[in-house]
Amino acid sequence: LHKLWINFETSRYSENLYVENSVLKQMYTEQYVVNKVGEKLPVGISHVDAMEGKLLYDLVYAYPEQRGPKTLEVGMAFGTTALFICQALNDRQIAGKDGGRMGHHVSIDPNQSEQWSGVGKLNLQKAGLFEKYAEVREEFSHAALPKALEKGEKYDLIFIDGAHAEEFVHVDVYFSSLLLDKGG
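Within every chain, residues take consecutive numbers counted from 1 along the sequence as written. Reporting in this predicted model follows two pLDDT cut-offs: at least 70 for local features of residues, and 80 or more for side-chain atom pairs to be given and counted; totals over whole chains, interfaces and linings ignore these cut-offs and use all residues. The side-chain values count all of the structure's non-hydrogen atoms but skip hydrogen atoms and water molecules.

S.K.: Describe in detail the sheet that holds strand 4 (residues 104–108), supporting the description with residues and values.
M.R.: Taken in spatial order, the four strands make up an open sheet running 5-4-3-6, and their pairing is parallel. Among the strands making up the open sheet, the edge pair consists of strand 5 (134–137) and strand 6 (157–160). Across the sheet, the axes of successive neighbouring strands diverge by a mean angle of 15 degrees, strand direction being ignored. In this structure, strand 4 lies alongside strand 5, joined through four bridges in parallel fashion. Among the inter-strand pairings, His-105 is bridged to a residue of strand 5, identified as Ala-134. Two strands pair if DSSP finds at least two bridges between them. Put simply, DSSP H or I for four residues or longer makes a helix, DSSP E for two residues or longer makes a strand, and each gets a number counted from the N terminus. Where helices are involved, their axes are fitted lines through C-alpha atoms of the stretch in contact, as for all axes, and angles between N-to-C directions lie from 0 to 180°.

Dropping the structure here:
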């Protein structure tokens, strides 16, 4: 694996800004992702800033319980946040911080296959993280989140970055607040 060093001229969060993940390294250094047929797609604004991704990584890695945290994200696109989160789950397991109970990550994105050409899932597979930690639910969050609530699912961390229209954000926040576990 490659270390991804992220340089910021001015940053309050500058120490240890790297995550060992070759797919993330390519995304941030070359500014493109590769789909299933080998086409290069420009990353553009369709992923989080590296500092935000590293913050998510640190939140998951530092989870205080002796079990892997359960995480959920609304909006997957190219899989950038899922890569940071799943890499943290993997690194926790390697460090023995999960007490033998691995974490799990769920990404909700109705457009993963069509609009994003399945690149988010593909990137997790390339990084060797999908089969072990991740699940993709290809449906709208306003349908998927109530279903998760009905099933009694609980999450330790939820990241919302799906549809940005105000009414969708309100629905995502409302249902996410009900899905958060105590202390989440």
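There is more to say after this.
S.K.: Explain the nonpolar core to me, and be specific about the residues and the numbers.
M.R.: By nonpolar core is meant a set of buried Ala, Val, Leu, Ile, Met, Phe, Trp, Tyr and Cys residues that side-chain atoms within 4.5 Å join together. The cut-offs for exposure are 20% and 50% of the maximum accessible area for each residue type, with area from a 1.4 Å probe on protein chains only; residues under the lower value are buried, those over the upper are exposed, and the others partly exposed. Within the largest apolar cluster, 30 residues are counted, with the highest numbers of intra-cluster contacts made by Leu-24, Met-27, Leu-83 and Leu-124. Secondary structure elements with two or more residues in this core: helix 1 (22–30), helix 2 (50–61), helix 3 (80–94), helix 4 (119–126) and helix 5 (130–133). No other element matches the seven residues that helix 3 contributes to this core. Excluding residues that lie within four positions of it along the chain, Leu-83 makes contacts with Asn-21, Val-23, Leu-24, Met-27, Asn-123, Leu-124, Ala-127 and Leu-129. Residues Val-74, Val-106, Ile-108 and Ala-148 belong to the second largest nonpolar core, which totals 11 residues. In this analysis, two residues are considered to be in contact whenever any of their non-hydrogen atoms come within 4.5 Å of each other.

S.K.: Kindly report on the packing of aromatic side chains, identifying the contributing residues and their values.
M.R.: Stacked, tilted and edge-to-face pairs are distinguished by plane angle, under 30 degrees for stacked and over 60 for edge-to-face with tilted covering the rest, among Phe, Tyr and Trp rings (Trp via its six-membered ring) whose centres lie within 6.5 Å. According to the stated counting rule, one finds four aromatic pairs in the structure shown. For the ring pair Tyr-174 and Phe-175, a centre distance of 5.1 Å and an interplane angle of 80 degrees mean the geometry is edge-to-face. Its relative accessible area of 18% is what places Phe-175 among the buried residues.

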